[in-house]
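Report on the structure
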Amino acid sequence: MHIAMDIGYSHVKSITTSNRVIIPSVVAPFRKLSLVDLSSPSDSGHVVEIRRVDGTISKYFVGEMALREGHGASFSLDREKHRHPNHDILALAAARVLNTGPGAMVVAGLPVAYYRTQREELKNHLEGLHAEVSVNGNKLKRISFGKAVVYPQGAGALFMAPDLPQNGMVLLVDIGQKTTDYVTAEVAEGNVKPVSSLCGSVETGVQAIYEIVAQEFLSSTGMPLAAIRVPEIISQSGRITYYGKERDFSGVINQARTDIALAISDQVKAALGDRLAFIKKVYLAGGGAEMLRSMTSLFPEAYVLPEPQWANAAGFLKVVNAH
Ligand SMILES: Nc1ncnc2c1ncn2[C@@H]1O[C@H](COP(=O)(O)OP(=O)(O)OP(=O)(O)O)[C@@H](O)[C@H]1O
Ligand SMILES: [Mg+2]
């Protein structure tokens, strides 16, 4: 059995040949809910129980459930994602939801910038990870990964480009929450070869929009807003009720979208320099490609991949299925 995992700062995307799951990368300590029977956990998040080899059992709210019910919910990951304890909780939860058997082969991604330095460590980490896991009260089941393959983010997504040219240079830009990865590849007779000097990561993503909105919220209400609450405001098109008063953040959100799209494309263009002129096609992936639709007009010949947020995980699965 094979499983692909794209454990991002904002969402975990995980795919097997038969199923897939997306979970917000938020973990909070479990606590008993008095209204627990009013909502079915399966469509509103996950209660995850983990029994480690030493017998210790821990329980968490993961994903939507953590966002709603958790006190102390946090976006989970720091720069060295897999060194954060939430990384393993999210990986184990996703594998259990997808009913992965022990010893599954896993493919995971790393930002291009950290690929060389962290790839071996992440591989060893995933291969050493194992526990018994239950989600939403189902049976504790052993999860472990027999073999781990680590792939640069963005390079995965490139496998999902529907119409790669037979020859020439292509560029994939994966706009994530915290990082935007860019991968330039040379296609020759259909074979794709990344050009490492033209691959890298830019530390700007959708998070930058959240920060602008949170800042505006603070200056117009006088109250700070946790970054974790910003998506709720954006999903309501910027119009919210706050202490009985209508507030409209739609203008700020639109301006931030335009500004951040420009900032990201400027940084990627600067990194490519005059080689940009030789790029035949530009593909956009990551959830940020949906949020920042104006990116397509900032690059010549740019296309958003189908289901851009899934593109890396889907590409990883293609890689592992070829093994
Ligand atoms: N259809 C959509 N419209 C608007 N925003 C979206 C859409 N789909 C996803 N997003 C947002 O895009 C952002 C980036 O999502 P994505 O899953 O690519 O990030 P990530 O992989 O977790 O982050 P990183 O790559 O930095 O670790 C998230 O804030 C997500 O909510
Ligand atoms: Mg990502």
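Source: prediction; values computed, not measured.

1. Considerations on unusual backbone geometry
One non-glycine residue with positive phi stands out, namely S237, at about 55°. Tracing the backbone through its elements, the reader meets S237 in the loop between α6 (230–235) and β15 (239–242). Positive phi values are uncommon outside glycine, yet E301 reaches one of about 55°.

2. Some remarks on the site of ligand 1
Around ligand 1, the surrounding shell holds 20 residues, and the nearest of these are Y9, S10, K13, Q177 and G287. Note that an oxygen atom of ligand 1 is positioned 2.5 Å from one of the side-chain N or O atoms of Q177. G288 is positioned such that a nitrogen or oxygen atom in its backbone is 3.5 Å from an oxygen atom of ligand 1. When ligand 1 is considered free in solution it has 650 Å² of accessible area, and contact with the protein chains removes 83% of it. Elements that contribute at least two residues to the shell around ligand 1 include exactly β2 (11–15) and α8 (288–291). For the shell around ligand 1, the element with the most residues is α8, which contributes three residues.

3. Some words on the side chain of T204
Of note, T204 is situated in the loop between β14 (200–202) and α5 (207–221). In contact with T204, not counting residues within four places along its chain, are K178, T179, T180, I260, I264 and Q267.

4. A few points about the domain arrangement of the protein
On domain assignment, one finds that the protein holds domain 1 (2–152) and domain 2 (163–305). With 13 residues of domain 1 at the contact, the number on the domain 2 side is 13 residues. Summed over both sides, the interface of domain 1 with domain 2 buries roughly 1,000 Å², with 64% coming from carbon and sulfur. At the surface where domain 1 touches domain 2, the tally comes to zero salt bridges. Contributions of two or more residues to the side of domain 1 that touches domain 2 are made by β7 (74–75) and α3 (112–128).

5. Section: the pattern of salt bridges
Counted under the stated rule, the structure contains eight salt bridges. Measuring nitrogen to oxygen at the nearest pair gives 3.3 Å for the salt bridge that ties D163 to K281. In this pair, D163 is assigned in the loop between α4 (155–158) and β11 (168–175) and K281 in strand β17 (residues 279–285), connecting sequence segments 118 residues apart. The exposure class assigned to K281 is buried, which follows from its relative accessible area of 18%. With a closest N to O distance of 3.1 Å, E290 and R293 form a salt bridge.

6. A short note on α5
Between the first and last C-alpha of α5 there are 21 Å, a value that for 15 residues agrees with the 21 Å anticipated at 1.5 Å per step. Listing the buried residues of α5 in full gives Q207, A208, I209, Y210, V213, A214, F217 and T221. Backbone geometry just after α5 places G222 at a positive phi near 80°.

7. Notes on the pairing of β2
Counting buried positions along β2 yields four of five residues, so the element is predominantly enclosed. Relative to strand β3 (residues 20–24), β2 runs antiparallel, the two being bridged by five bridges. Of the residues in β3, the one forming a bridge with H11 is P24.

8. Details of the environment of V135
Inspection of the secondary structure puts V135 in strand β9 (residues 130–135). Given the relative accessible area of 8%, V135 is considered buried. The spatial distance from the C-alpha of V135 to the C-alpha of H46 is 6.3 Å, given a sequence separation of 89 residues. Setting aside chain neighbours within four positions, we find V135 in contact with H46, V47, V48, A93, R96 and V97.

9. A few points about helix α2 (residues 85–97)
Between the first and last C-alpha of α2 there are 19 Å, a value that for 13 residues agrees with the 18 Å anticipated at 1.5 Å per step. A large share of α2 lies buried, amounting to 11 of its 13 residues. Taken together, the buried positions of α2 are occupied by N86, H87, D88, I89, L90, A91, L92, A93, A94, A95 and R96. Downstream of α2 by one or two residues, N99 has phi in the positive range, about 60°.

Conventions adopted
Residues numbered from 1 in each chain as written. Chains lettered and ligands numbered in written order. Predicted model: local features only at pLDDT ≥ 70, side-chain atom pairs only at ≥ 80, totals over all residues. Heavy atoms only, no water. Helix = DSSP H or I, 4+ residues; strand = E, 2+ residues; numbered from the N terminus. Near = heavy atom within 4 Å. Polar contact = N/O pair within 3.5 Å; in protein donor to acceptor, adjacent residues only side chain to side chain. Areas by Shrake-Rupley, 256 points an atom, 1.4 Å probe, with all protein chains shown as cover. Contact = heavy atoms within 4.5 Å. Domains from an automatic or database assignment. Buried area = accessible area lost by both parts, 1.4 Å probe. Salt bridge = Lys/Arg side-chain N within 4 Å of Asp/Glu carboxyl O. Buried < 20%, exposed > 50% of the residue type's maximum accessible area, 1.4 Å probe, protein only. Expected span 1.5 Å × (residues − 1). Pairing = 2+ DSSP bridges.

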